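If you want the building blocks of each chain, they are given just below.
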Amino acid sequence: MTELREQIPASSNALAKTGTAMWSPENNQGNIYLNSNGKQIKYSQLTSKQKSLLKDYKMIQYDITKGNHYVKNDGFMKVPSK
């Protein structure tokens, strides 16, 4: 998660830009990605490393919600103690 946030500081699947204005679906089915300057970038502008991190993140999301919960059983969800 830390590496993902370093590579892609912000992402969202929000539909509305302002008011009723809609984000363009050309950006990976409506997902929004921001660079370190806060500017929106398209999925096609991401590096291969950034795309790989997003793929891994999506696999984790799937596992948590609909998959076999492998990440729960391997300690991924455990919060480290201070």
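Asker: Got a minute to help me understand the overall build of the chain in this structure?
Answerer: Secondary structure summary: the chain contains three helices and three strands in total. Secondary structure elements in the chain, listed N-terminal to C-terminal, are α-β-β-β-α-α. Taken across its 82 residues, the chain has 20% of its residues classed as buried. Pairs at least 24 apart in sequence give 30% of the contacts found in the chain among residues at least 6 apart. Approximately 6500 Å² of the chain is accessible, and the part contributed by carbon and sulfur atoms is 53%.

Asker: How do you make sense of the nonpolar core when you look at a structure like this?
Answerer: Note on soluble globular proteins: their nonpolar side chains tend to be buried together. The biggest cluster of nonpolar side chains holds seven residues, and these are L4, I8, Y33, I41, L46, L53 and L54. Those residues within four positions of L46 in sequence are excluded, and the remaining contacts are I8, Y33, I41, K51 and L54.

Asker: Where do I start with the packing of aromatic side chains in this structure?
Answerer: Each aromatic ring pair is described using two quantities: the centre-to-centre distance and the angle formed by the ring planes. Applying the stated rule across the entire model yields one aromatic pair. Here Y33 and Y43 contribute two aromatic rings whose centre-to-centre distance is 6.3 Å and whose plane-to-plane angle is 50°, an arrangement assigned as tilted. With Y33 in strand 2 (residues 32-34) and Y43 in the loop between strand 3 (40-41) and helix 2 (48-65), the pair connects residues that are ten residues apart, well separated along the chain. According to the relative accessible area criterion, Y33 is buried, its value standing at 2%. What makes Y43 partly exposed here is its relative accessible area of 26%.

Asker: Hey, could you run me through unusual backbone geometry in this one?
Answerer: Where the residue is not glycine, phi is negative for most of them; where a peptide bond is considered, it is trans in most cases. Look at H69: it is not a glycine, yet its phi comes out positive at around 60°. The residue H69 is located in the loop between helix 2 and helix 3 (70-73) in this model.

Asker: Just to check I follow, could you spell out a nonpolar patch on the surface for this structure?
Answerer: A surface patch of nonpolar side chains, about 380 Å² in accessible area, is lined by M1, I64, F76 and M77. As for its placement among the helices and strands, I64 is situated in helix 2. The exposure class assigned to I64 is partly exposed, which follows from its relative accessible area of 34%.

Reading guide: rules and limits
Residues numbered from 1 in each chain as written. Predicted model: local features only at pLDDT ≥ 70, side-chain atom pairs only at ≥ 80, totals over all residues. Heavy atoms only, no water. Helix = DSSP H or I, 4+ residues; strand = E, 2+ residues; numbered from the N terminus. Buried < 20%, exposed > 50% of the residue type's maximum accessible area, 1.4 Å probe, protein only. Contact = heavy atoms within 4.5 Å. Areas by Shrake-Rupley, 256 points an atom, 1.4 Å probe, with all protein chains shown as cover. Core = buried A, V, L, I, M, F, W, Y, C linked by side-chain atoms within 4.5 Å. Phe/Tyr/Trp six-rings, centres within 6.5 Å; stacked < 30°, edge-to-face > 60°. Patch = residues over 30% accessible without salt bridge, like charges linked within 9 Å, V, L, I, M, F, W, Y side chains within 5 Å. Salt bridge = Lys/Arg side-chain N within 4 Å of Asp/Glu carboxyl O.

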